[in-house]
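Spelled out from the first residue to the last, the chains are:
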Amino acid sequence: MFNKKDFATRKSKSIKVRLDRFDEWKEGADGATVKVGQTVDSYNFATKTGALTAGLGLKKPTLPRKQTENEMFEFDVDATEVRALYPFTTYDNLTETDRYYLFYLDTGNQLCFFDLLGTKSMRRTEVSFNEIPNAAAFKINSDVDTVFFSSPSDKTLGYNNAGPAYYDNIPKFTSGCWHGPYLFMVTVGDTNKLIYSKKRVDIWNYDNVEEVPLPYDIRGGLTKLVSLRDSMYLFRNYGITRLNLYSLKAELSFTNIFESHSYIYPRSISIYGDKIVFLTDEGLFSVEGNAVNKIKMPIEDNIMPANHDCIGVCFNGKYYLACKYDFKDDDKIGEEINGCKNNALIEFDLENKLFEICRGVDISDMTVIQTPKARKLFASVRGEHKAHLGEVAHNGMIFDKPLHKVWKVENLDFGFGGRDKCVTDITIKPGASGKFTIASDVDSQTIDVPLSTRTQRLRTRVFGKTFKILIESDEPCPVISCPELSVKVLL
């Protein structure tokens, strides 16, 4: 039985415990003893620098005003709700220049767009869709770049510099991409039907289209096409087929390279260099050539099943995943208060395996915006900020609203097993602000840490054998660096 009076009568040893890194996550069974600095839960903090700083968030987007200027222009959409994002680059034959567009859907699925190197003014079309369409870009009418939008319940719409027009001769599609000199599509109504055009699309008809025979496959129908290097990957509900195009005569070969027991989420599929990254209920995977490998993440069990609204995008060497995530607590952060489809945004560095988690944002779509002078990651959200377009940033806020930030470690014995201990004080470097909670199996104390330009030594008196440390902050840009605990260990 624990007795605080023992500390006044028996010998004890004083030790210093320094939290000098925060980016290592505990792995293994719940309840197992952890090392100092191994977190069991962290969100809305950045942890990679050895300090706790502002984590992932969203801000108003900025881009260069013109291609030849360095001045940045902050802009926002004129919308009641941004529902889906479609960035495309097209070539203007008249001016002989590339044009950079961001299309998006407003309430009622009305199509709007920005010319990203123009005036940044939003333009509305008179077109609305019955449901959120898929999109692909290809050429028509003597090589005119056109962006096409297609859904099962809408006519296929094309948009180019001449404006919008419907195309009855172009089939409805769920996915489409160029591979070699041919345009491949998965058509609506039969997810096992893959077709490709043998000539330019301005004379699209059934004499101009070749159907690729794909027999029934237990891995389900086709959901997405991805062209990478010399191969095209046909993603199915539960597997992947690799297609090779051997000549301009379209001699095709197929190799089934992956079969999954779990559903492959089509919106999680994204290209990373020579690889393609995607999510299933069994975790994160990458495909390169014919090899499909599991990407190990210590938090993979927290990514919830049935994640059909998840979105994955590779950007600047990292994989960004908006998803449903189980934080294993009863807290409600941000959009979780009113319920959301995605409650987390995970930034995962695919090279060093470090990651950050943003909690409380419900992302509805996410895409990479690229112009000659900028490359950025944009997102749309549900909930309070649904009328705004966001740029992913490390600002610790959703637009101008600071996020609640948490870092937690538990089951600490400081290397002294079942011995009785007392945490007697915490030394905190300048710049830190927030709340520190030290709890044990028998005791607990919470300390408010005011912002200070001087080192602070805060007295505590928490007894126990194993301890939990909880660091919280509501500041937009806190800097909590190397806090040090003084601990007395009963000998």
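The structure under discussion appears in the preceding block.
It should be emphasised that the depicted structure is a prediction, and the values quoted were computed from it without experimental measurement.

Conventions we followed
- Residues numbered from 1 in each chain as written.
- Predicted model: local features only at pLDDT ≥ 70, side-chain atom pairs only at ≥ 80, totals over all residues.
- Heavy atoms only, no water.
- Pairing = 2+ DSSP bridges.
- Helix = DSSP H or I, 4+ residues; strand = E, 2+ residues; numbered from the N terminus.
- Axes fitted to C-alpha atoms, helices over the stretch in contact; angles between N-to-C directions.
- Salt bridge = Lys/Arg side-chain N within 4 Å of Asp/Glu carboxyl O.
- Buried < 20%, exposed > 50% of the residue type's maximum accessible area, 1.4 Å probe, protein only.

*Asks:* Report on the sheet that holds strand 10 (residues 84-92), specifying residues and quantitative values.
*Replies:* The pairing of strands in a sheet happens through backbone hydrogen bonds and is either parallel or antiparallel. Read across the sheet, 4 strands follow the order 10-11-12-13 without closing on themselves; strand pairing throughout is antiparallel. Bordering the open sheet on either side are strand 10 and strand 13 (122-128), each of which pairs with just one other strand. Neighbouring strand axes in the sheet, compared pairwise and without regard to direction, differ in orientation by 25° on average. Across 9 bridges, strand 10 lies against strand 11 (residues 97-105) in antiparallel orientation.

*Asks:* I'd like to hear about the pattern of salt bridges, residue by residue, with values.
*Replies:* In the structure shown here, the tally under the stated rule is 21 salt bridges. Between Lys193 and Glu211 there is a salt bridge, and its shortest N-O distance comes to 3.9 Å. Of the two residues, Lys193 is situated in the loop between strand 19 (182-187) and strand 20 (194-197) and Glu211 in strand 21 (residues 209-212); the sequence distance between them amounts to 18 residues. Classification of Lys193 as partly exposed rests on a relative accessible area of 27%. With relative accessibility at 47%, the residue Glu211 sits in the partly exposed group. The partner of Asp362 in a salt bridge is Arg382, with the nearest N and O atoms 2.8 Å apart. Residue Asp362 is located in the loop between strand 33 (355-359) and strand 34 (363-371), and its partner Arg382 is located in the loop between strand 35 (374-381) and strand 36 (389-393); the two are separated by 20 residues in the primary sequence. One connected set of salt bridges, linked through shared partners, spans Lys48, Glu347 and Glu356.

*Asks:* An account of the pairing of strand 15 (residues 144-150) is requested, with residue identities and associated values reported.
*Replies:* In terms of burial, strand 15 is largely enclosed, as 6 of its 7 residues are buried. Bridge analysis of strand 15 against strand 16 (residues 157-160) gives 3 bridges, and the strand direction is antiparallel. Looking at strand 16, one finds that Phe149 is bridged to Leu157. The antiparallel pairing of strand 15 with strand 16 creates a hairpin that spans 6 residues between the two strands.

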